[in-house]
Amino acid sequence: MAAKFKMFRNAGQSQRFRFVVLVVGCFLVSMTFIVVSRPLVFPSLGSRLRPQKSVVIFRFPDVEPKKAADSSSPFSAPFMREDEQTTQQSEENLQVKKNGAVADPIEEDKADIDEVLAFAQLVAESTNETEEDRTKNDGNSDRDEPHNRMTLPTVCRLSIATDIKSEAEHSVFSTYYNTVLLPDAVREIKDVEKKLSCEFSDPRVDICEMSGDIRIPGNSSDVIFVESPERNEVFRFRPYARKGDEAAANRVRELAVKYSTAAPECTVNHDVPAIVFSAGGYTGNLFHDFTDVLIPLFLTSRPFDGEVQFVVSDMNPWWIYKYLLVFQQLSKYPVIDFDKDKGVHCFSRVIVGLRAHKELSIDPARAPNGYSMVDFGKFIRNTLSLERETVSNIEDLAGKRPRILIIARKQSRAFVNLSEITRLAEQFGFEVVINDGEVGGDVAQLARLVNSVDVMVGVHGSGLTSLVFLPPNATIIQVVPWGGLEWISTLDFGDPAKDMGLNYVQYSISVKESTLRKQYPKNHPVFKDPLSFHKQGADVVRSTFMDKQNVKLDTKKFKNVLWKALEHIIQ
């Protein structure tokens, strides 16, 4: 009987044991599912670093406050907020034992990307622990906890437990680290220094450069540098490369570059720099299109290799379309119309104004990367798909005649004996092409024509701007009207031609070759003292010697000029 009772009791105990095992098993399965789907944190089981691992403190200066991890976020569980006292104490006193040595705390301003990568390596190595190591580490006493916690003193003051106890927790932590912490750290480390500097001493342009938080509200005149101002200053100027020209300034809207802490919220964030400039002034005239805007724009934007955003004030869509190929070559992004855009565009770097050196040219000593007009010429030929990179010499012509382009102006400074000039050029063996030099809406068409010739001749005027399309070693002949205009002719086209590697020939007409002799008597100051008109200002010079004068070339004298052009081709 006793034996039977003992068997019954053992059987009951076996059933109860099985029942307990079943309950515990279900509980473990449930907890495993919960942990995998949403990691839990048990304060009593505070995660710890292995004692032999070094602790690294990351500090990210000037980080804007971010929202603390939401309790509903799957990333919130492994990150526990510490009170300010604990955080301050850990930042001041935290020391790390490694190989018997004590490591000094890392100062806030010395955090760099190497520390971020070291932390990533530390986390990766922690996943390679053996079960024996993990069990051993779990046995460490709670008194080691302050030394085994890694603190990232970001704005959220999050304390990150780095002893990952499960693959699920490690996966969640890695995702948060790779997608949130590391990019933020890298961005902060790479942040450019906040600064605003303006240059107003240049005789040709005013320009401001800034880096930091810059906001440009569309349909306004403001470029806002978001920073507490040391001085309550506003820099007002017109971003057009013809400083001091009142007539041009009247067609350029004034912009205000200013400090402010009260700025509108960003609607569009850009990860490339911006260049703000005006397309007003004298644009529409071929000479001013290039000397006031396109060459300065090349000079300012080319170093960015297309990774730059243009913000244009006083913008005429037809003008942008006219030079669309140039804009597309200098920037990979559509132009923003500053006057009509209603968004708030935010940048980390902005240049307001364009760099410019001299008329229709570049000073390599002042240019970024040593850019020159030779570089600009290559850029234009490549942008407009122009074929010729050099002129043909006599041997290469193979029976073809060299080509000469005569820029025949229709109004002032026109050739009144164009047919005689044409016959003279043909007698020298040239194939003559006549064009008025007006671009119209198709710049590429004019550029292809100019690029196909070996010599170009014209009276001082905007039509000679087409020299930028000529192949290197071509010859340009500038005919200078009467009136002491040699200096401005050399400045506008003579020096630029030489800077582009072109052969330059200048021919100044005599009184007999000017139609002014039909308007003024022989003893008039126009002939006796033309420089006296220069003292009266540019408007007087223009109205007297440019707007009312045409040219009748002396073909006998002009023969010598054509000989020089042929000599350049032969050489």
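As annotated in an unreviewed UniProt entry, the protein chain is Glycosyltransferase 61 catalytic domain-containing protein from Ensete ventricosum. For the record of the protein chain, the UniProt heading Subcellular location (unreviewed entry) holds the text "Golgi apparatus membrane". Turning to the protein chain, the UniProt record has this under Pathway (unreviewed entry): "Glycan metabolism."

**A few points about the pairing of strand 18 (residues 455-459)**
For strand 18, the tally of buried residues reaches five of five residues, placing the bulk of the element in the interior. By the alternation rule, side chains of strand 18 split into V455, V457 and V459 and M456 and G458, which are all buried. With four bridges connecting them, strand 16 (residues 403-407) and strand 18 associate as parallel partners. Counterpart to L405 in the pairing with strand 18 is M456. The pairing of strand 18 with strand 19 (residues 475-480) spans five bridges and is parallel. Residue pairing across strands places V459 opposite V479, the latter belonging to strand 19.

**As for the confidence of the model for the protein chain**
Scored by pLDDT, the protein chain has a mean of 79; 68% of the residues are at 70 or more. Across residues 126-178 the pLDDT falls below 50, and counting only partners more than four positions away or on other chains, this stretch makes 114 contacts in the model. Scored below 50 in pLDDT, residues 180-190 shows 20 contacts in the model against residues more than four places distant or in partner chains.

**Topic: the pairing of strand 17 (residues 431-435)**
Of the strand pairs in this sheet, strand 16 and strand 17 are connected by five bridges, and their pairing is parallel. Bridge assignment links R403 to a residue of strand 17, and that residue is E431.

**With respect to the sheet that holds strand 18**
Strand order in the open sheet made by the five strands is 17-16-18-19-20, with parallel pairing throughout. Each of the sheet's edge strands pairs with one partner strand only, and the pair in question is strand 17 and strand 20 (503-508). With direction set aside, neighbouring strand axes in the sheet form an average angle of 20°. On top of the sheet, helix 14 (residues 486-499) reaches strand 19 and strand 20; it is set at about 165° to strand 20, its chief contact.

Reading guide: rules and limits
- Residues numbered from 1 in each chain as written.
- Predicted model: local features only at pLDDT ≥ 70, side-chain atom pairs only at ≥ 80, totals over all residues.
- Heavy atoms only, no water.
- UniProt positions renumbered as here; feature names shortened; annotations may be inferred.
- Buried < 20%, exposed > 50% of the residue type's maximum accessible area, 1.4 Å probe, protein only.
- Helix = DSSP H or I, 4+ residues; strand = E, 2+ residues; numbered from the N terminus.
- Pairing = 2+ DSSP bridges.
- pLDDT = per-residue confidence, 0-100.
- Contact = heavy atoms within 4.5 Å.
- Axes fitted to C-alpha atoms, helices over the stretch in contact; angles between N-to-C directions.

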